[in-house]
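Geometric and topological summary
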Amino acid sequence: MTTIAPPVFSSSTTRAVTNAPVVSITSPIGGRVVEVNSGGDGNLPLATIENDRVDRSTLIGLTIELTSLQNDLALKQSIHADYLRRIADLERDLDRQQAAIIIRSDNDLRNAQAHLEIVSLSSANEKNAAVRKLGLVKKGVIAGNRDELANTLKLEDTKIVAARLRVEMLSADLGNARSGIFVGGEQQSLQDLQREIRNVKADRSQISIQTATIQARIDQLKALAKAEEERVAKLVRADVAISAQAKLFKTVAQVGKQVSGGDTLAESVSCADAFVVAIFSERQAQSLSLGASVTVEADGWDGPVLGRVERLVPKTTERVDLDYAVPFPPTERRELYAFITPDAAHSDNGVVNKFCEVGTWVTVSMPKTWVVWTRRQLDNTSSALAGYAGQLRQHLAAFTDAPTATPGEQAKITRVSPRGARLAATTTLAVAMKPDSTGIREKAL
């Protein structure tokens, strides 16, 4: 029967195996393998590669230039600090001399003010005496020269003007001294001191600019040196690990082996992409479709697992087989491959891990559609037969003037399960069929 009608009676296949794509784990650097973790322990790196022949010339050049600039920066900072001390000393010397000039100018000003007061009083007395004498001369009381007396008055006024001018000059000198403005030959030393302070401040500003430029270059070189150190560190030693979502399939690397960048160290399989490849005949595949639900089970599993048909492939090649952990089982004529993945609605880590056990032979079962169809047809037929029997019983009771069956008797005409293959003998339908069928037919007519 399985050979004659496979799509009806054969709904499973044992030519199915768990499989997953192979992901190569390659070496990021060239060097010698110093450690290999063949057990695939996730707490340890899968392999460790060391390389003692890394070119460090760029890092050495950056380090030398950085050291030179740091020394130059230290020298510039020392000169800058010396300039600051020199400026502070000159400014203190200038402050002391300025304070002395202010005190002296203040004393000269007060002396000039006192002299102005003396001259004012003396000139007032002289002018009064000259005015009286000039009046007496004009009256002829005494002999005298009027021009001489007039010049005496002018002389006294000029003395007052000169004394007042002296006060104003000393007051201006005192203001200039307090403002730090020094004029005149006697204050040449202060002028030279101010000029020296300005020159030292200019040199300090130039040194500050040079220091900032060197510091910027040092920061740039530090960034380059750090990046180069990280690059050299990656080339000197590399720890290769496996992803948490992957499972180690095969280890290729060996301790002491010299490898180049890109060489395969191991092969892993991605559990997220694990699937079951099953072989079905073309007649069996007629009941399959993309997304169809199937059941997958194996001897070592605790129970069946639900899966979904992902793809239907008529054939494969050896080149395609190399991309997967397990070669596809060979097919015969009128057979094809079905790719089955875990049902997303009923899959968890346990289900994914089962599918990730590559190389496990499993049994894939399709839904028995012929059983479902037959059961549904028999159920529908038995229900219709039971209903028709009830209606016929009521008509027979009316034709023979028999009492109508009670609800309890009607309930005996129930749907018979298709598994019983016949109606029960105690049904009301068997009793109702006893009257003469010919008389019933004539009365009905």
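All of these numbers come straight from a predicted model, not from anything done at the bench.

1. Side note on the sheet that holds strand β2 (residues 22–26)
With antiparallel pairing, three strands are arranged side by side in an open sheet as β2-β8-β6. Of all strands in the sheet, those bounded by a partner on one side alone are β2 and β6 (246–251). The mean angle between the axes of side-by-side strands here comes to 35°, regardless of whether they run parallel or antiparallel. Taken together, the five bridges between β6 and strand β8 (residues 264–270) define a ladder with antiparallel strand orientation. The partner of Lys 250 across the bridge, within β8, is Glu 267.

2. Description of the state of the cysteines
Considering all chains together, one arrives at one disulfide under this definition. Sulfur-sulfur distance for the disulfide between Cys 271 and Cys 356 comes to 2.3 Å. Around the S-S axis, the bridge from Cys 271 to Cys 356 shows a dihedral of about -75° and counts as left-handed. Here Cys 271 is found in the loop between β8 and β9 (275–281), whereas its partner Cys 356 is found in helix α7 (residues 349–356), with 85 residues between them in sequence.

3. Some points on the pairing of strand β12 (residues 335–342)
A large share of β12 lies buried, amounting to eight of its eight residues. Here β9 pairs with β12 via six bridges, running antiparallel. Residue Ile 279 lies in a different strand from β12, and its bridge partner there is Tyr 337. Judged from the six bridges that link them, strand β11 (residues 305–313) and β12 form a sheet pairing that is antiparallel. Across the sheet, Leu 312 pairs through a bridge with Ala 338, a residue of β12.

4. Concerning the pattern of salt bridges
For the structure on display, the rule yields 16 salt bridges. Among the salt bridges present, the one from Glu 50 reaches Arg 237, with a minimum N-O distance of 2.7 Å. Of this pair, Glu 50 sits in strand β4 (residues 47–50) while Arg 237 sits in strand β5 (residues 237–240), placing them 187 residues apart in sequence. You can call Glu 50 partly exposed: its relative accessible area is 27%. With relative accessibility at 40%, the residue Arg 237 sits in the partly exposed group. Its salt-bridge partner being Glu 267, residue Lys 250 comes within 3.8 Å of it at the nearest N-O pair. With Lys 250 in strand β6 and Glu 267 in strand β8, this residue pair connects regions lying 17 residues apart in the sequence. Overall, the relative accessible area of 19% leaves Glu 267 in the buried class. It is possible to trace a salt-bridge network through shared partners that takes in Glu 50, Arg 237 and Asp 239.

Thresholds, definitions, all that
Residues numbered from 1 in each chain as written. Predicted model: local features only at pLDDT ≥ 70, side-chain atom pairs only at ≥ 80, totals over all residues. Heavy atoms only, no water. Pairing = 2+ DSSP bridges. Helix = DSSP H or I, 4+ residues; strand = E, 2+ residues; numbered from the N terminus. Axes fitted to C-alpha atoms, helices over the stretch in contact; angles between N-to-C directions. Disulfide = S-S within 2.5 Å. Buried < 20%, exposed > 50% of the residue type's maximum accessible area, 1.4 Å probe, protein only. Salt bridge = Lys/Arg side-chain N within 4 Å of Asp/Glu carboxyl O.

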